[in-house]
Amino acid sequence: MAPLNTGSLALNDPYPQPVGPQLSIVGGTNSEQVLKDNGVSFEDGAMKIENEDGSVTIDFDPKPESSGPDEEGFYANLAKDMSDGELAEIATQLLDGIERDESSRKEWLDTRALGISLLGLKLEKPRSDAGTTSAPIEGMSTVRHPLLLEATVSFQATARAELLPAAGPVKVRNDSPMPPKEVFQGTPAAAQLADSMDRSDELSQALEKDMNHYLTSVATEYIPDTDRMLFYIGFGGDGFKKVYNCPLRRRPVSESIDAEDLIVSNAATDMHNAGRITHRIRMRKSILRRMQILGAYRDVELNEPAPPQSNAVDKKKEDISGIKADHQRPEDRDYEIFETYCELDLDDYAPQEFKGKGLPLPYRVTIERESRKVLDVRRNWDEDDDQCLAKRFFVQFPFIRGLGFYGLGYIHLLGNTTNALTAAWREMLDAGMFASFPGFLYAKGAGRQLTNQFRVPPGGGVGLDIGAQQNIRDAIMPLPYKEPGAGFNAFITHIEEVGRRLASTASANVGEGKQEAPVGTTLALIEQASKLIDSAHKRLHAAQTEEFKLLKERFRDDPESFWRHNKRLTVQWKKDQFIEALDKCDLVPVADPNNPTAMHRYAKGQIIKALQKASPDLYDPIGVDMRVLRIADINPEGLFRPKPAPAAPDPRMVAIKEKAEAQKNTSAIQLLQTKIEAATKAAEINDRALDRASKERIENMKIELQRLETEQSIIQHKNDEEKVYARMMQELNTKAQLAQHGAHVEAVQAQHKMFRESASTANELDTNAARTQHEKEMARERHQADMERAREEHAMKLEHAKELHQAKLEATRAMARAKKTAKPAKKD
């Protein structure tokens, strides 16, 4: 149930104080003293007023000043000052016009009700008896093709992603004119201009952040209500928003209105040229009574609410949802309120320049339908508007601009296609059913049974008495049902493709499945396939821009409502500051109407990044990354490190730095000298180690030679002993000639064998001694060559180190000379 619209009236105080011509305070403990100070007193029940010219006015029947039409100023409820006859005439005139407007759109309502049925949201069983389902034949399937529902839900999803991002739907565009830089360049006004620009940017950013917080966290009804409206836009072709200041919630509200509750004559082409717009509101008794207590409505007695008079769309909705509104208790029924924005010729309340001209001016009139009583009549133009043009509170969100006031939706584009597909689906299902449970014809003579029900359950059987006939086929013949062929299936597929292509829900074969397809070709195919949705998004973008414009006007009427319910403001707003921000900035949707899909935005982000990489000197990398992150819907807050501002160089720090560099160079030279000395010492130590090793090898070779000579003398001594022993044996043999000849022969042979072995051993010792002597000579030559090579390498390394040290010293002296030469120039 939508709340009541009171236009631009902002009843922030539930009990407004009456204000008279000279009275500023009425009531309270000091009210009598205040009245006396203003020259007003009461004597014997009469009010005595002392005027400034010395005269006295006495009123014997004083009445409170709050009963007049000016108690709320220009936007007061004029009905409180009108007679019952005038109000009855206004009510009769408007109710008759509303009834005619309702009759002019009867066929539109019938089409909308039929479209609700085509959505297939109601569960229906196959028809079993007459009149319970949508199937015309008993047993026929009641399935419905989901083409219309699929297109509607797909559009709702894509439109929600574009119009209702999670961070908020609003961004601020600053349209303040910027003077050329050369006008203020070099003048004292340059700093003032820079400060003004910074302040304007801060106000714009604060307004954008707080406005998004208002629509997502304070006005919690905005997101789900807009999401619901998007479903009706895709389905029926139209959505309507009402932007007004709610006296109960004490803040601006933007809520959707069902198209059937906005009664406009079909002769009007749009909201701007409609002479009469009526919002039908179903209002609870408690809400209506609150409005009367607040003073928004006249406090008059009303009849009990009558049973609701539902149109075709309301009845279809109740049927789909399973609700019977006529079954409510009388005390639970809602009042039916007609809030009409119309033009009336009320000469008493017209501006002075239009009095007696017979010109109908815009008013807002609220009527309770059952009692036909007017609850309020209020002016519907700005107080400072000389032309008295009507203020606007409604915004139309069209899907496709149609032939009349109401737009075209998927119900008009796909209604007949959905009907055809539904019939085709049912035929195919019914053909399968009849193929499984076929009907038949039987001869009357064979049908004289105890029952005429011959339906056989699956897996069961029924016996028949066929009489003299022996063949049961001669008594019963199944009906020749024909199954749908391949051509029928292809025709259904063709209808589905045409419908989905018209609804822009078909899957586009971009790039024909080739991974190497160019990006431009892919985007062109996507754009070609999404032209219908793209055009619809552009219309919704324009409508949402108009909605935010009206929302800004409502905030201008009551600025305090912006921060009254928001305790987490970016800045502490003040009235003048907030009005300045509203005047300089425009509220526009975050959605980009030039990009039908997210892929288009991502492709543009890649182009920006590629250009920045190709020419890094032309682009700000942080600005490029922030733009790309915004395109990808990623909050860049906290992702970038702040850049430290470069400080001016301190002369003392520069001198200290130069001195540190000189000390560093001196330390490097000293370190290099130390390394050279260490290398020299290491070479000397290495040479001494090599000499010591060579001497050790020579001494070892001498010891080895002495050992070999000793072994040779031992062998020679053994040979001499063997020769002496041989002579001794020969003498013994000569002396023992008388010994046995065989023993003498064996002894002689043994001695001869021993002699041969001793000679062989001596020869081997001589050969080893000669080889050892040759190896000693070779070792001496190798050692001598190694010593010569080591001395040459050491000499070369030492020469190279000396040259490097000399070059470093020359470079250091050159730097010192350059510094001495540069210092006098700085002083000059």
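Throughout this document, residue positions are counted from 1 along each chain, in the order its sequence is written. This being a predicted model, a pLDDT of at least 70 is required before a residue's local features are given, and a value of 80 or more before pairs of side-chain atoms are given or counted; all residues contribute to the totals for chains, interfaces and linings. Derived side-chain values reflect all non-hydrogen atoms in the structure, with water molecules and hydrogen atoms excluded from consideration.

Undergrad: Talk me through the sheet that holds strand S8 (residues 277-283); I want residue IDs and the actual numbers.
TA: One key point about sheets: their strands pair by backbone hydrogen bonds, in either a parallel or an antiparallel sense. Pairing between strands requires that DSSP locate at least two bridges from one strand to the other. Runs of E in the DSSP output that reach at least two residues are strands. Runs of H or I that reach at least four are helices, and both are numbered from the N terminus. With respect to topology, five strands assemble into an open sheet ordered S7-S8-S9-S10-S11, the strand pairing being antiparallel. Two strands close off the open sheet at either side, each with one partner strand: strand S7 (262-264) and strand S11 (373-379). When the angles between neighbouring strand axes are averaged without regard to direction, this sheet yields 20 degrees. For strand S10 (residues 361-368) and S11, the ladder comprises six bridges, and the chain directions are antiparallel. Looking across to S11, one finds that Val365 is bridged to Val377. Residues count as neighbours in contact if any of their non-hydrogen atoms are within 4.5 Å of one another. For every element, the axis is a line fit to its C-alpha atoms; helices are fit only across the contacting stretch, and the angle between N-to-C directions ranges from 0 to 180 degrees. Lying on the sheet, helix H2 (residues 84-104) is in contact with S7, S8, strand S9 (335-344), S10 and S11; it crosses S9 at an angle near 100 degrees.

Undergrad: Which residues make up the layout of surface pockets, and what values go with them?
TA: In the cavity and pocket records, a cavity denotes points on a 1 Å grid over the protein atoms alone where a 1.4 Å probe fits but cannot get out, a pocket denotes an open set with protein on both sides within 12 Å along at least 5 of 7 lines, and lining residues are residues with an atom within 4 Å of a point. Grid points are joined across faces, edges and corners, and a volume is the space filled by probe spheres set on the points. In this model, the second largest pocket occupies a volume close to 1000 Å³. Forming the boundary of the second largest pocket are 40 residues, of which Asp258, Asp261, Arg282, Asp314 and Lys317 lie nearest the centre. Contributions of two or more residues to the lining of the second largest pocket are made by helix H7 (222-236), strand S6 (251-257), S8, helix H9 (312-321) and S9.

Undergrad: With reference to specific residues and values, describe a negative patch on the surface.
TA: Patch membership requires over 30% relative accessible area and the absence of a salt bridge. Like charges are linked within 9 Å, and nonpolar side chains (Val, Leu, Ile, Met, Phe, Trp, Tyr) within 5 Å. Per-residue and other accessible areas were derived by the Shrake-Rupley procedure at a 1.4 Å probe size, with only the shown protein chains allowed to occlude residues. The term salt bridge refers to a pairing of a side-chain nitrogen on Lys or Arg with a carboxyl oxygen on Asp or Glu at a separation within 4 Å. Think of it this way: Lys and Arg go in the positive column, Asp and Glu in the negative one, and His and the chain ends go nowhere. Throughout, a charge is located at the NZ atom of Lys, the CZ atom of Arg, the CG atom of Asp or the CD atom of Glu. Taken together, the side chains of Asp81, Glu86, Glu89, Asp345, Asp347 and Asp348 define an acidic patch exposed on the protein surface. Position of Asp347 among the secondary structure elements: in the loop between S9 and S10.

Undergrad: Could you give me a rundown of the packing of helix H3 (residues 106-118) against H7, with the residues and numbers involved?
TA: Running from amino to carboxyl end, H3 crosses H7 at an angle of 105 degrees, the nearest separation of the two axes being 11 Å. Put simply, H3 runs roughly perpendicular to H7. Between H3, through Arg112, Gly115 and Ile116, and H7, the contact on the second element is made entirely by Tyr232, Phe235 and Gly236. Working rule for angles: under 35 degrees goes down as roughly parallel, over 145 as roughly antiparallel, 65 to 115 as roughly perpendicular, anything else as oblique.

Undergrad: Report on empty space enclosed by the protein, specifying residues and quantitative values.
TA: Enumeration according to the criterion identifies seven cavities of 30 Å³ or more in this entry. The volume enclosed by the second largest cavity comes to roughly 60 Å³. Lining the second largest cavity, in full, are Arg228, Met229, Tyr232, Asp238, Gly239, Phe240, Ser256, Ile257, Asp258 and Ala259. Asp, Glu, Lys and Arg are counted as charged, while Ala, Val, Leu, Ile, Met, Phe, Trp, Tyr, Cys and Pro are counted as nonpolar; the rest, among them Gly, fall into the polar class. In the lining of the second largest cavity, the residues fall into five nonpolar, two polar and three charged.

Undergrad: Lay out the pattern of salt bridges with the relevant residues and their values.
TA: Applying the stated rule across the entire model yields 32 salt bridges. Lys242 is the partner of Glu339 in a salt bridge, and the nearest nitrogen-oxygen pair spans 2.6 Å. With a gap of 97 residues between them, Glu339 in strand S9 and Lys242 in strand S5 (residues 238-246) connect regions that are remote in the sequence. A relative accessible area of 0% means that Glu339 is categorised as buried. The closest approach of N and O atoms between Lys391 and Asp382, which form a salt bridge, is 3.6 Å. Burial classes follow relative accessibility: with a 1.4 Å probe on protein chains only, a residue under 20% of its type's maximum area counts as buried, one over 50% as exposed, and anything between as partly exposed. Given the relative accessible area of 11%, Lys391 is considered buried. Overall, Asp382 belongs to the partly exposed group, its relative accessible area being 32%. Via salt bridges that share partners, Asp382, Lys391, Glu553, Arg554 and Asp557 belong to a single interconnected network.

Undergrad: Quick rundown of a nonpolar patch on the surface? Include the residues and the values.
TA: Taken together, the side chains of Ile607, Leu611, Leu618 and Tyr619 make up a nonpolar region of the molecular surface, amounting to roughly 410 Å² of accessible area. Take Tyr619: it is sitting in the loop between helix H16 (598-614) and helix H17 (621-631).

Undergrad: Tell me about the sheet that holds S6, and name the residues and values.
TA: What the three strands build is an open sheet, ordered S6-S5-S12; its pairing is antiparallel. At either margin of the open sheet sits one strand with a lone partner, and together these are S6 and strand S12 (394-398). Across the sheet, the mean angle separating the axes of adjacent strands is 20 degrees when strand polarity is ignored. Relative to S6, S5 runs antiparallel, the two being bridged by seven bridges. For Lys242, the partnering residue across the bridge sits in S6 and is Glu255. Across the sheet, H7 is in contact with S5, S6 and S12; its angle to S5 comes to roughly 150 degrees.

Undergrad: Requested: an account of the packing of H3 against H9, with residues and values cited.
TA: In a packed pair of helices, the relevant descriptors are the angle between the two axes and the axis-to-axis distance. The geometry of H3 relative to H9 is characterised by a closest axis approach of 8 Å and an angle of 15 degrees between their N-to-C directions. It follows that H3 is roughly parallel to H9 by the angle criterion. Crossing hand, H3 versus H9: right-handed. Seen from H3, the contacting residues are Leu109, Asp110, Arg112, Ala113, Ile116 and Ser117; seen from H9, they are Ala312, Val313, Lys316, Lys317 and Ile320. Classifying every residue of the contact of H3 with H9 gives six nonpolar, one polar and four charged. Handedness of a helix crossing follows the sense of rotation of the near helix relative to the far helix, less than a right angle counterclockwise being left-handed and clockwise being right-handed.

Undergrad: Lay out the environment of Asn380 with the relevant residues and their values.
TA: Along the chain, the position of Asn380 falls in the loop between S11 and S12. In sequence terms Asn380 and Ala390 are ten residues apart; their C-alpha atoms lie 5.6 Å from each other. Setting aside residues no more than four positions away along its own chain, Asn380 makes contact with Tyr341, Pro362, Tyr363, Arg364, Leu389, Ala390, Lys391 and Phe393.

Undergrad: Lay out unusual backbone geometry in plain terms, naming residues and giving numbers.
TA: Although it is not a glycine, Arg250 sits at a positive phi angle of roughly 60 degrees. In this structure, Cys388 is a non-glycine residue whose phi angle is positive, near 55 degrees. Positionally, Cys388 belongs in the loop between S11 and S12. On the basis of relative accessible area, Cys388 is assigned to the buried category, the value being 4%.

Undergrad: Could you give an account of the packing of aromatic side chains, naming the residues involved and the relevant values?
TA: Under the pairing criterion, centres of Phe, Tyr and Trp rings, with the six-membered ring standing for Trp, must be within 6.5 Å; the plane angle then separates stacked pairs below 30 degrees from edge-to-face pairs above 60, leaving the rest tilted. In the structure shown here, the tally under the stated rule is 20 aromatic pairs. Taking the centre distance of 5.5 Å and the plane angle of 80 degrees together, the rings of Tyr363 and Trp381 count as edge-to-face. In this pair, Tyr363 sits in strand S10 while Trp381 sits in the loop between S11 and S12, placing the two residues 18 residues apart along the sequence. A single burial state applies to Tyr363 and to Trp381, both of which are buried. Put simply, the rings of Tyr214, Phe555, Phe562, Trp563, Trp573 and Phe578 pair up and form one aromatic cluster. By definition here, charges over rings are those cases where NZ of Lys or CZ of Arg is within 6 Å of the ring centre and within 35 degrees of the ring normal. Cation over ring: Lys242 sits above Tyr244, and NZ or CZ is 5.4 Å from the ring centre. Across from the ring centre of Phe74, 4.9 Å away, lies the NZ or CZ of Arg379, which sits over that ring.

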